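Read off the chains here:
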Amino acid sequence: MINKTDTIHLTIDGRHAQANGGITILEAARSVDINIPTLCSHPLLKPLGACRLCVVEICTGASSRMVTSCTYPVEEGAEIKTNSTAVEETRKVLIELLMARAPRANVVQRLAGEFGIERPRLKALDEGELCILCGLCARVCEEVIGVSAISFIKRGVNREVTFNPEISPELCV
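Report on the accompanying structure. (Residues numbered from 1 in each chain as written. Predicted model: local features only at pLDDT ≥ 70, side-chain atom pairs only at ≥ 80, totals over all residues. Heavy atoms only, no water.)

Some details on the sheet that holds strand S3 (residues 55-60)
Here's step 1: With mixed pairing, the five strands of this open sheet are ordered in space as S2-S1-S5-S3-S4. Looking at strand neighbours, the two that pair on one side only are strand S2 (15-20) and strand S4 (63-68), the edges of this open sheet. Each strand axis lies, on average, 35 degrees off the axis of its neighbour in the sheet, ignoring direction.
Here's step 2: Taken together, the three bridges between S3 and strand S5 (residues 79-81) define a ladder with antiparallel strand orientation. When the bridges of S5 are listed, glutamate 57 appears paired with lysine 81.
Here's step 3: Running over the sheet, helix H2 (residues 85-101) touches S3, S4 and S5 and is turned about 155 degrees from S3. (Pairing = 2+ DSSP bridges. Helix = DSSP H or I, 4+ residues; strand = E, 2+ residues; numbered from the N terminus. Axes fitted to C-alpha atoms, helices over the stretch in contact; angles between N-to-C directions. Contact = heavy atoms within 4.5 Å.)

So this is what it looks like as structure tokens:
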């Protein structure tokens, strides 16, 4: 079992790094100035991994696996790749899904530009939609403010944000 006081040695994008036990790969990468894109991560909130954009590749010998860096704890001797071909392709697909969800959202347009996506393969469900379903509004409302005025309903492509009619939505911004 890794303790928070343990020093973990790992490699991120070929750079040796040290991190305290118990922190996530995302935190370790940021501590050595390696950027990993995220939409649903915020320092005041518990890690969720909902947007999956922070996906990275953990290599162990000849095998590798993809994990969300905002939820996955650092491991001794881990070799992490934040920009491998597999990671980049996964992120592009996720961005295309976001473009189909909320094509006019500024953050989605910025990410599409950064990843060179000019036209998504998927048709937009609603050209005017701006919500990317990152969950930040609902999670801040519950975890920081302490009320559940905003939450998700439904699942999959039908998922949406809604207001609890019994709680004033003005309690959460």
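That covers the picture; the talk isn't over yet.
Examining the pattern of salt bridges
Here's step 1: Using the criterion set out here, one finds seven salt bridges in the structure.
Here's step 2: Residue glutamate 129 pairs with arginine 101 through a salt bridge whose shortest N-O separation is 4.0 Å. With glutamate 129 in the loop between helix H3 (106-114) and helix H4 (136-145) and arginine 101 in helix H2, the pair connects residues that are 28 residues apart, well separated along the chain. (Salt bridge = Lys/Arg side-chain N within 4 Å of Asp/Glu carboxyl O.)

Some remarks on H4
Here's step 1: Listed as buried for H4 are Ala138, Arg139 and Cys141. Looking straight down H4, one finds that the buried residues subtend no more than 160 degrees of arc, so they occupy a single side.
Here's step 2: Packed against the buried residues of H4 are strand S6 (150-153).
Here's step 3: In the segment just after H4, glycine 146 is the residue with positive phi, at about 95 degrees. (Buried < 20%, exposed > 50% of the residue type's maximum accessible area, 1.4 Å probe, protein only. Arc of directions from axis to C-beta.)

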